[in-house]
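# Chain and residue survey
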Amino acid sequence: ALPILLHTFIYRKQTPTSLPGFVLLGPSGAGKTAFVTLAERSAVAQTHTSTSPLAIDAILPDTIVPTSAHYRSPGDPAYERARRLLLQDTPGHGKLRHFAAAQLANPINVRGIIFVVDAAAVADEAGLNEAAEYLHDVLLALQKRYTGAKTSKGPKEIPVLIAANKLDLFTALPPHLVKISLERAISEVRKSKAKGLKDSGVAMGGEDDGLDEEREWLGEGGDGPFEFRQMEEVGTTVTVKGGNVIGGDAADVQSWWEWIAEHL
Ligand code: GDP
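For every chain, the first residue of its written sequence is number 1, and the numbers climb from 1 along that sequence. The predicted nature of this model means local features are confined to residues of pLDDT at least 70 and side-chain atom pairs, given and counted, to a pLDDT of 80 or more, with totals for whole chains, interfaces and linings taken over all residues. Processing note: side-chain calculations cover all non-hydrogen atoms of the structure and skip hydrogens and water entirely.

## Quick look at the site of the ligand
Counted only if it meets this: Throughout this document, a residue counts as near a molecule or strand when at least one of its heavy atoms sits within 4 Å of that molecule or strand. Distance and chemistry together define a polar contact, namely a pair of N or O atoms within 3.5 Å, with one atom able to donate a hydrogen and the other to accept it when in protein, and with adjacent residues in sequence counting only for side-chain atoms on both sides. Using the Shrake-Rupley algorithm and a 1.4 Å probe, accessible areas are obtained, with residue cover drawn only from the displayed protein chains. Each helix corresponds to a stretch of at least 4 residues labelled H or I by DSSP, and each strand to a stretch of at least 2 residues labelled E; elements are numbered beginning at the N terminus. Each residue gets one of three labels, nonpolar for Ala, Val, Leu, Ile, Met, Phe, Trp, Tyr, Cys and Pro, charged for Asp, Glu, Lys and Arg, and polar for the others, Gly among them.
Around the ligand sit 15 residues, and of these G29, K32, T33, A34 and D168 come closest. Between the ligand and N165 there is a distance of 3.0 Å, counted from an oxygen atom to a side-chain nitrogen or oxygen. In the model, a nitrogen atom of the ligand is placed 2.9 Å from a nitrogen or oxygen of the I246 main chain. Burial of the ligand by the surrounding chains reaches 70%, relative to a free accessible area of 580 Å². Ranked by the residues each element gives to the shell around the ligand, the list is headed by helix α2 (residues 32-40), at 3 residues. A class-by-class count of the residues in the shell around the ligand yields 6 nonpolar, 6 polar and 3 charged.

Encoded structure:
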C-alpha cells in the first residue's frame, strides 16, 4: 500500500498550476482553441470559465518522448509525470489581450510561448500586419523582461514557437515564407513605432527620449532588417513550424508537439 500512497501523494502535489506551462498566443481565428480542443483528447483535467483563459492539463502524444525523460521508460511514474504540461489558451481579441500581457510580465513556470498564425491569412497584407503587430509586442515584452532583469545570470529563457497553422489550405504560405513575411512586416512595425515615439517625444520635449526609443526598439539597433535570430541575444529562440489542426486528411501537429517536448 505504501507505493500507492506515495504515488497518490506525489500525484496530488502536482497541481495543474505547478505543471510546466505553454502559453498560446496569436490573432483571433488562428486556431488556438482548435489546438486546445485537439490536445484535450488526452487531457487529464480542464478548467474553463467565460472570463478566464482556458487551461488544459495535457499529455504528450505516445509517439513523443520529452527530452527530460529520455533515460526513463514507459510505466516509470517519473516518465509519465514528465509527459504532462499545462496548455494555456488566451483570447486573441484586442480587448482581452491583457490576459496575455499579464502572463508575459510574470510567467510562472512558463516553458514556452506558442504563437499561432493562420498561414493563409498572413498571405494578404491585412492579416500579415495584424499578426506582425501582435508578435512584435509579444517579442518586445520578452526582450524587456530579459534586459530589465536584476540578476546577473539573466532570467530563464523563454522560447517561442510560431505555429504556422492551416497548411491544409492551398492558399497557405509554406512555413519558410511565413517566417520571412513576418520578419519583414515586423521590421515595418518596428520602424513605424519608433517614428511614433519620436514624434510624441518631440511634442513633449522630454529629455530621456533616446533612452525610451532604445528600450522600445525590438532586436538589434541600426537600420538593418529585423530577424528572429536577433532574439537569441535576449534569451528567446524563435522557431517556425507548420501544421494543421483541422482539415486535410488528418490533423498534423506533430512538429509542434516535438517542439513542446524539447522544452518540457
Ligand atoms: P482562435 O481564435 O485562435 O482560438 O481560433 P479557432 O481555434 O477558433 O479557429 C478559428 C477557425 O479556424 C475555426 O473555424 C476553425 O475550425 C478553423 N481552423 C483551425 N485550425 C484549422 C486548420 O488547421 N485548417 C483549417 N482549414 N481550419 C482551421
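## Description of the nonpolar core
Nonpolar side chains in soluble globular proteins tend to end up buried together. Under the convention used in this document: As used in this record, nonpolar core signifies buried Ala, Val, Leu, Ile, Met, Phe, Trp, Tyr and Cys residues forming a set joined through side-chain atoms within 4.5 Å. A simple rule labels every residue: compare its accessible area, found with a 1.4 Å probe on the protein chains alone, to the largest value its type can have, and call it buried under 20%, exposed over 50%, or partly exposed in between. What makes two residues a contact is simply this: any of their non-hydrogen atoms within 4.5 Å.
Of all hydrophobic cores here, the largest spans 36 residues; its most connected members are L139, I162, L182 and F228. Sort the elements by how many residues they give to this core and helix α5 (residues 125-147) lands first, with 9 residues. Those residues within four positions of L182 in sequence are excluded, and the remaining contacts are L128, A131, A132, L135, I162 and F228. The next biggest cluster of nonpolar side chains, apart from the first, holds 26 residues, and it includes A39, L161, W259 and I260.

## Some details on the pairing of strand β3 (residues 55-59)
What counts here: Whether two strands pair depends on DSSP finding at least two bridges between them.
The buried count for β3 comes to 4 of 5 residues, which makes it a mostly enclosed element. As paired strands, β3 and strand β4 (residues 84-88) are joined by 5 bridges and run antiparallel to one another. Residue pairing for β4: A58 is matched across the bridge by L85.

## With respect to the side chain of Q143
Secondary-structure assignment places Q143 in helix α5. We classify Q143 as buried; its relative accessible area is 9%. Beyond its immediate sequence surroundings of up to four residues, Q143 is in contact with R215, W217, L218, G219, M231 and V234.

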